[in-house]
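# Report on the structure
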Amino acid sequence: MEHLRIDREKTAARIAQDIETLSGPAHTRDAVAIRRYAYTPEYAATIAYFTRELEAIGFTVEQDPVGTLVARNVPKGAPAFGIGSHSDSNRNGGKWDGTLGVVMALEICRLNQELGLGLPLVLISFLEEEGSGFGQMLLGSRIVAGRTTEQAMKETIRELDSGRSFWETAQAAGYQPERWRESKEILDGLIGWIEPHIEQARVLQDTENRIGIVNAIAGYVHADIHVHGRDDHAGATPMNFRLDPTTVLAECILELERLAIEEGHATVGTVGEIEVHPSLINAIARSVRFSLDIRGPRDASYIGVFERISAFAHAAAAKRGMTVEVVERQRNPATPMDARIVAALEAAAAATGAPVLTMHSGAAHDTMCVADTVPTAMVFVPCKDGLSHTPLEDAKPEDAALSVEAILNAIRALV
Ligand code: HGY
Ligand code: MN
Ligand code: MN
């Protein structure tokens, strides 16, 4: 099939315009970072923006029972190719993570109509990918894939700021979580799925490539470790009388680093959240809670590190007369992409004439959940200096336009 060259300048300009609009005050509750998460007015404004833009080009737009947006130019369940990402943000978000993928998918839908290509397309923007509202990453796509439970949505998955359950929060926002089992139907009829996304690392930049084709996504475990000590006076309590949980925290952070490096196989471990109670300069902590984010392309590796750091935490606490609880939040397995879609993307990307790299993703994506039932792949856009999950995050619309051209051509070859 002849490679179709698009007007890249025009597409880059529209992408830039969409991104600027979606980083404006109506779309974020913070003036510095993008802060936009499920069931907030800012998130609703963003969904409304995509709805208007898609309806203007003839798409039928609806939401699944909990708020994942799905737009079709074919009847529900008819054969079609899926494109999209997420438009919620990290709590310290940049304007490109997730949003760029939905904007690029919107641009593909626009070009399909303008160029009269007649491609059957379904655009999806998954709810709550970042976990910024409820502390649970990929929540919308896990609901679609049945990778969570009704009990969790009613009991353990709670809004970080209010403590209200996901179930009640969704209902209060006008959604119907009781119909969550219908969410999987948004994937009905999909013959393939491609998620465009910024790379969130600096491999493409440092290797001077402009398009990344993702052939695998790292798996991960998310958990919390609670250390129970005793809140004594910081000045009056002799050192050998203390039950200070921050000592266990300190040992665990360094041990996690050691275990991840020792394991290798691109295994990574991060303690990103630390809560100390009561957190007073003159009081020994009563308890500490810290998060574990352990990932890698090899399940046995990162799961092994999770098991070893959990055992270490128990032992480190016990030797000081304290106890710990390790509470797992979730895990998602490492996910290979579909070879046929990867090959179509590699061919289409090569035909753009731009330098292309096939690579794995260290970051998690909704595509991991879509992959259960639909052949999937991803396309990465270079990310300035690899900065992401920070307002410093940046990317180039002209790089995104190149990937739009590649994805459009790959879909033409696949449908
Ligand atoms: O953290 C992640 O992997 C994704 O960016 N939410
Ligand atoms: Mn993302
Ligand atoms: Mn993210």
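So, how was this worked out
Residues numbered from 1 in each chain as written. Chains lettered and ligands numbered in written order. Predicted model: local features only at pLDDT ≥ 70, side-chain atom pairs only at ≥ 80, totals over all residues. Heavy atoms only, no water. Helix = DSSP H or I, 4+ residues; strand = E, 2+ residues; numbered from the N terminus. Rg over C-alpha atoms; globule rule 2.2 N^0.38 Å. Buried < 20%, exposed > 50% of the residue type's maximum accessible area, 1.4 Å probe, protein only. Areas by Shrake-Rupley, 256 points an atom, 1.4 Å probe, with all protein chains shown as cover. Lys, Arg positive; Asp, Glu negative; His and termini not counted. Charge placed at Lys NZ, Arg CZ, Asp CG, Glu CD. Polar contact = N/O pair within 3.5 Å; in protein donor to acceptor, adjacent residues only side chain to side chain. Contact = heavy atoms within 4.5 Å. Near = heavy atom within 4 Å. Phe/Tyr/Trp six-rings, centres within 6.5 Å; stacked < 30°, edge-to-face > 60°. Domains from an automatic or database assignment. Salt bridge = Lys/Arg side-chain N within 4 Å of Asp/Glu carboxyl O. Donors = N, O, S within 2.8 Å, 3.2 Å for Na, K, Ca; no water. Expected span 1.5 Å × (residues − 1). Axes fitted to C-alpha atoms, helices over the stretch in contact; angles between N-to-C directions. Parallel < 35°, antiparallel > 145°, perpendicular 65-115°, else oblique. Nonpolar A, V, L, I, M, F, W, Y, C, P; charged D, E, K, R; others polar. Pairing = 2+ DSSP bridges. Right-handed = clockwise from strand over helix to strand, strands pointing away.

## With respect to the overall build of the chain
- Summing up its helical and strand segments, the chain has twelve helices and 14 strands in all.
- By the compact-globule yardstick of 22 Å for 415 residues, the chain fits well, its C-alpha radius of gyration being 22 Å.
- Each principal axis of the C-alpha distribution contributes one length, and for the chain these read about 80 × 45 × 35 Å.
- Expressed as a percentage of the 415 residues in the chain, the buried residues total 55%.
- Element-wise, carbon and sulfur atoms account for 53% of the exposed surface of the chain, whose accessible area totals about 16,400 Å².
- Positive and negative charge centroids in the chain, built from 39 and 57 side chains respectively, lie 1 Å apart.

## Quick look at the side chain of D232
- Along the chain, D232 turns up in the loop between β7 (219-228) and α8 (245-263).
- Within the structure, D232 has its side chain in polar contact with the side chain of R230 (distance 2.7 Å).
- Apart from the residues within four sequence positions on either side, D232 is in contact with T237, F241, A283 and I284.

## Overview of the site of ligand 1
- Around ligand 1, a shell composed of E129, E130, M137, Q200, R295, A363, A364 and H389 is seen.
- R295 is positioned with one of its side-chain polar atoms (N or O) 2.5 Å from an oxygen atom of ligand 1.
- Here an oxygen atom of ligand 1 sits 3.1 Å away from a polar atom, N or O, in the side chain of H389.

## Quick notes on the packing of aromatic side chains
- For the structure on display, the rule yields six aromatic pairs.
- Their ring planes at 70° and their centres at 5.8 Å tell us that F126 and W193 sit as a pair that is edge-to-face. One end of the pair, F126, is in strand β4 (residues 121-126); the other, W193, is in strand β5 (residues 190-198), with 67 residues separating them in the sequence. Each member of the pair F126 and W193 is classed as buried.
- One aromatic cluster in this structure is built from Y39, F134, F166 and Y175.

## Brief notes about the domain arrangement of the chain
- For the chain, the domain assignment lists domain 1 (8-217 + 334-414) and domain 2 (219-332).
- Taken together, the contact pairs 13 residues of domain 1 with eleven residues of domain 2.
- Where domain 1 meets domain 2, there are zero salt bridges.

## Side note on the coordination of the manganese ion (ligand 3)
- Taken together, D97 (OD), E130 (OE) and H389 (NE2) make up the full set of protein donors to the manganese ion (ligand 3), lying 1.8 to 2.2 Å away.
- In primary sequence terms, the donor set of the manganese ion (ligand 3) follows D-x32-E-x258-H.
- A separation of 3.4 Å is found between the manganese ion (ligand 3) and the manganese ion (ligand 2), which share D97 as a coordinating residue. Taken together, the residues span a long stretch of sequence, with E130 in the loop between β4 and α4 (139-145) and H389 in the loop between β14 (376-381) and α12 (397-414) at a distance of 259 residues.
- Here H389 falls in the partly exposed class, since its relative accessible area comes to 32%.

## Focus on α12
- Helix length check: α12, at 18 residues, gives a terminal C-alpha distance of 25 Å against a target of 26 Å (1.5 Å per residue), a fit within 8%.
- Most of α12 is tucked away, with 16 of its 18 residues classed as buried.

## Notes on helix α3 (residues 99-114)
- Its 16 residues place the ends of α3 22 Å apart at the C-alpha level, agreeing with the 22 Å of an ideal helix rising 1.5 Å per residue.
- In terms of burial, α3 is largely enclosed, as 14 of its 16 residues are buried.
- In the stretch just after α3, G116 is the one whose phi turns positive, near 60°.

## Description of the packing of helix α2 (residues 41-55) against α3
- Their axes nearest at 10 Å, the elements α2 and α3 cross at an angle of 10°. When the interaxial angle is binned, α2 and α3 end up roughly parallel. Every residue of α3 that contacts α2 at Y49, F50, E53 and L54 is listed here: T99, V102, V103, L106, C109 and R110.
- In the contact of α2 with α3, the residues fall into seven nonpolar, one polar and two charged.

## Digging into the pairing of β4
- A large share of β4 lies buried, amounting to six of its six residues.
- As paired strands, strand β2 (residues 69-72) and β4 are joined by four bridges and run antiparallel to one another. When the sheet's bridge partners are listed, A71 is paired in β4 with L123.
- In terms of strand pairing, strand β3 (residues 80-86) meets β4 through six bridges, oriented parallel. By the bridge assignment, G82 is partnered in β4 with V122.
- A crossover links β3 with its parallel partner β4, the connecting element being α3, and its sense is right-handed.

## Digging into the side chain of T335
- Structurally, the position occupied by T335 is in strand β12 (residues 335-336).
- Owing to a relative accessible area of 8%, T335 belongs among the buried residues under this scheme.
- A distance of 2.9 Å separates the side chain of T335 from the backbone oxygen of P333, its partner in a polar contact.
- When near neighbours in sequence (up to four residues on either side) are disregarded, T335 contacts A216, I217, M368 and A371.

## Thoughts on the pairing of β3
- Most of β3 sits out of view: seven of its seven residues are buried.
- Burial along β3 is two-sided: A80, G82, G84 and H86 facing one way and F81, I83 and S85 facing the other are all buried.
- Of the pairings in the sheet, the one linking β3 to β5 comprises four bridges and is parallel in character. By the bridge assignment, I83 is partnered in β5 with I194.

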